[in-house]
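# Examining the three-dimensional arrangement
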Amino acid sequence: RTRLPANKEGFKQKFTIMVHNKSRNKPDAYLPIAHTCFFQLELPEYSNVKIMTKKFITAITYCTQIDGDNTGTAAAAARMR
């Protein structure tokens with residue numbers, strides 16, 4: 001597929017939210033990771049909604065690359081230092 005469907009009926013694959021496994025000990029230190037080709041989101045178990053909102057806004061604002069799934073670069077980009 002080269003384009004997203006024009007309407008919701010065109011989506012055959014369900015969106016999946018998964019636990020961000022590497023963030024278990026310090027979830028508030030990580031950004032969410034999106035695997036857009038697979039309609040997946042790895043979401044840390046943030047301590048509250050305010051932190052989650054800030055992390056989403058940060059990830060969306062400063063995303064510098066796409067198509068980096070399953071690479072060390074993608075994993076490094078997901079960590080906040």
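Shown above is the structure to which this text applies.
Report on the accompanying structure. (Residues numbered from 1 in each chain as written. Predicted model: local features only at pLDDT ≥ 70, side-chain atom pairs only at ≥ 80, totals over all residues. Heavy atoms only, no water.)

### Quick word on the pattern of salt bridges
For the record, the criterion: When a carboxyl oxygen of Asp or Glu is within 4 Å of a side-chain nitrogen of Lys or Arg, the pair counts as a salt bridge. The numbering of helices and of strands both runs from the N terminus, where a helix is a DSSP run of H or I of at least 4 residues and a strand a run of E of at least 2. Note on exposure labels: buried denotes an accessible area under 20% of the residue type's maximum, exposed denotes more than 50%, and partly exposed covers the range between, all computed with a 1.4 Å probe on protein chains only.
In this structure the tally under the stated criterion is one salt bridge. Close ionic contact of glutamate 45 with arginine 24 constitutes a salt bridge, the shortest N to O distance being 3.8 Å. Taken together, the residues glutamate 45 in the loop between strand S3 (40-43) and helix H1 (49-62) and arginine 24 in the loop between strand S1 (16-19) and strand S2 (33-35) connect sequence positions 21 residues apart. Here the two residues glutamate 45 and arginine 24 agree in accessibility, since each one is exposed.

### Re the sheet that holds S1
Condition: At least two DSSP bridges between two strands are required for those strands to pair. To obtain each axis, a line is fitted to C-alpha atoms, and for helices this fit is confined to the stretch in contact; angles are then taken between N-to-C directions over 0 to 180 degrees.
Across the sheet, which stays open at both edges, the three strands sit in the order S1-S3-S2 with mixed pairing between neighbours. Here the strands that pair on one side only, and so sit at the sheet edges, are S1 and S2. Between one strand axis and the next, the sheet turns by 25 degrees as a mean value, whatever way the strands run. Pairing of S1 with S3, which is carried by four bridges, proceeds in the parallel orientation. Considered in S3, the bridge of methionine 18 is made with glutamate 42.

### Some points on the packing of aromatic side chains
As a reminder, the rule being used: Each Phe, Tyr or Trp ring (for Trp, its six-membered ring) is paired with any other whose centre lies within 6.5 Å, and the angle between the two planes then decides the class: stacked below 30 degrees, edge-to-face above 60, tilted in between.
Counted according to the given criterion, the structure contains one aromatic pair. Measuring from centroid to centroid gives 5.8 Å for phenylalanine 11 and phenylalanine 39, while their planes differ by 90 degrees, and the two rings are edge-to-face. You can see phenylalanine 11 sitting in the segment before S1 and its partner phenylalanine 39 sitting in the loop between S2 and S3, a full 28 residues away along the chain. Using a relative accessible area of 11% as the deciding quantity, one classes phenylalanine 39 as buried.

So, to be careful, I would describe these as geometric facts and stop short of saying anything about function.
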